[in-house]
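# Descriptive structure summary
Residues per chain, in single letters:
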Amino acid sequence: MNSILHRAVASFYNLIYEGQAFASTMARIDAGEQERYFGRVEGLNWVLDRCQELEDVDMNLTTASLQKLLGDVKSDLEHELSIQRREKGRRADGREEALIFVTDYLISLITATEIESTKSPV
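Every value quoted in this text rests on a predicted model; they were computed, and no experiment measured them.

Another point: the overall build of the protein. Helix and strand counts for the protein come out as five helices and zero strands. Listing each helix as α and each strand as β along the protein from the N terminus yields α-α-α-α-α. Expressed as a percentage of its 122 residues, the buried residues of the protein come to 35%. As displayed, the protein has an accessible area near 7100 Å², and 52% of this comes from carbon and sulfur atoms. Across the protein, the centroid of the 14 positively charged side chains sits 4 Å from that of the 21 negatively charged ones.

Structure, rendered in structure tokens:
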């Protein structure tokens, strides 16, 4: 994996981590939306747990291996999102919002990995 792709993976993981920290802080500030923010925290915690492998991703990981890992995460995320869509309440709404947020960035990361895999080594 090249350094640009490695940076994208690290940034993706950090984005989720920072989103969780932000939602946690907002839950303490905005009492009216506290349950929704707590739901976001729960959703992002689920993603962080599932993406733990990405925290310390190795530069020596092949692009193909990274594509498989990201595809597995996307599959699990879509399954979890389908479960959250059946749940009701402010907290469930927050979890769903968090998972949708992550899905958008995950799809972008998968696309970047696909682009990089088509490039010839320099």
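What follows is about the layout of surface pockets. Put simply, the largest pocket is a space of about 160 Å³. Lining the largest pocket are Gly19, Phe22, Ala23, Arg40, Leu44, Glu97, Ala98 and Phe101. When residues of the lining of the largest pocket are traced back to their parent elements, those giving at least two are α1 (3-29), α2 (34-50) and α5 (90-118). Each residue belonging to the lining of the largest pocket can be placed in one class, and the counts come to five nonpolar, one polar and two charged.

Let us look at α5. Between its first and last C-alpha, α5 extends 43 Å over 29 residues, near the 42 Å set by a 1.5 Å rise per residue. Along α5, the positions that sit buried rather than exposed are Ala92, Gly94, Arg95, Ala98, Leu99, Val102, Thr103, Leu106, Leu109, Ile110, Thr113 and Glu116. Where α5 is buried, its residues meet α1, α2 and α4 (63-86).

By the secondary structure assignment, Arg95 is in helix α5. The contact partners of Arg95, leaving out residues within four places of it in the chain, are Gly39, Arg40, Glu42, Gly43, Gln84 and Glu87.

Quick notes on the rules
Residues numbered from 1 in each chain as written. Predicted model: local features only at pLDDT ≥ 70, side-chain atom pairs only at ≥ 80, totals over all residues. Heavy atoms only, no water. Helix = DSSP H or I, 4+ residues; strand = E, 2+ residues; numbered from the N terminus. Buried < 20%, exposed > 50% of the residue type's maximum accessible area, 1.4 Å probe, protein only. Areas by Shrake-Rupley, 256 points an atom, 1.4 Å probe, with all protein chains shown as cover. Lys, Arg positive; Asp, Glu negative; His and termini not counted. Charge placed at Lys NZ, Arg CZ, Asp CG, Glu CD. 1 Å grid on protein atoms, 1.4 Å probe; cavity = no way out; pocket = protein on both sides within 12 Å on 5 of 7 lines; lining within 4 Å. Points joined across faces, edges and corners; volume = space filled by probe spheres on them. Nonpolar A, V, L, I, M, F, W, Y, C, P; charged D, E, K, R; others polar. Expected span 1.5 Å × (residues − 1). Contact = heavy atoms within 4.5 Å.

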